[in-house]
Amino acid sequence: MNYGFDYMHYTNQQIKDLNRVRRLNIINSVSGIKPVNLIGTISDKDQLNLAIFSSVVHLGSDPALLGFIMRPTGDVPRHTYENIKSTGVYTINHVQQSIIKKAHYTSAKVNRGVSEFDACNLTAEFLNEFKAPFVNESQLKMGMKLVDEIPIPINGTVMMVGEIQHLYLPDVAVADNGWINLETAHGVGISGLNSYYQLKQIDSFPYARPHEIPDFE
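Overview of the structure. (Residues numbered from 1 in each chain as written. Predicted model: local features only at pLDDT ≥ 70, side-chain atom pairs only at ≥ 80, totals over all residues. Heavy atoms only, no water.)

This part is about the environment of G113. Within the element layout of this structure, G113 appears in the loop between α4 (100–104) and α5 (116–119). Residue classification places G113 among the exposed positions, given a relative accessible area of 62%. Spatially, the C-alpha atoms of G113 and Y7 are 47 Å apart, while their sequence positions differ by 106 residues. (Helix = DSSP H or I, 4+ residues; strand = E, 2+ residues; numbered from the N terminus. Buried < 20%, exposed > 50% of the residue type's maximum accessible area, 1.4 Å probe, protein only.)

Before going further, it helps to spend a moment on the packing of aromatic side chains. Using the criterion set out here, one finds four aromatic pairs in the structure. Consider the rings of F68 and Y90, whose centres lie 5.6 Å apart with planes at 65 degrees: the pair is edge-to-face. Of the two residues, F68 is situated in strand β5 (residues 64–70) and Y90 in strand β6 (residues 89–94); the sequence distance between them amounts to 22 residues. For Y90, a relative accessible area of 0% gives the class buried. (Phe/Tyr/Trp six-rings, centres within 6.5 Å; stacked < 30°, edge-to-face > 60°.)

Of the positions making up helix α3 (residues 79–87), those classed as buried are H79, T80, Y81, N83 and I84. Each element contacted by the buried residues of α3 is listed here: β2 (37–42), β3 (48–53), β5, β6, β9 (141–152) and β10 (157–168). Of the residues one or two after α3, G88 is the one with positive phi, at around 80 degrees. (Contact = heavy atoms within 4.5 Å.)

Pasting the structure below:
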């Protein structure tokens, strides 16, 4: 293995022995570019909450399921989790290039009585009588209903599983076959906790069938 540069090698024990910040930054980056979304919720007292997440993942198309990871809910208040548990609904809103900085600062741990919509100058909107707030500035957004939560005992996190109830996306970004061009929708990706990347489509291939595998040289 030699690509013209030196390699670092960490064993499992060496990873555990790293100082907390270095370990956090490395391990949060090794999975590569991830989607970046704002999750909007509302409490049972109508307090709005907005938080950035990089763990949203596709779980299935029929029914239309998405999951995301909630960090441990022990001593640290998790307003997103509390709101979803009390109302059963939330929104997932793609982050575009135009709102990266505002979206990033929704990660600040503000007091319960402060809405990140207000603190970060983002606009809450309510569509089709859906209880949870959408982000007006987002071009691709979904209204979600909680259908399950799956504990991950080894680190205390929880996968929240939701089914899409409402989907809003720009016509210009959707092909006739339903494929969504995220570059056209001005989507962005994230590595680690604070490095954002512009999305650019570099190629597209057909559905892979065994008899159509090219003769690679």
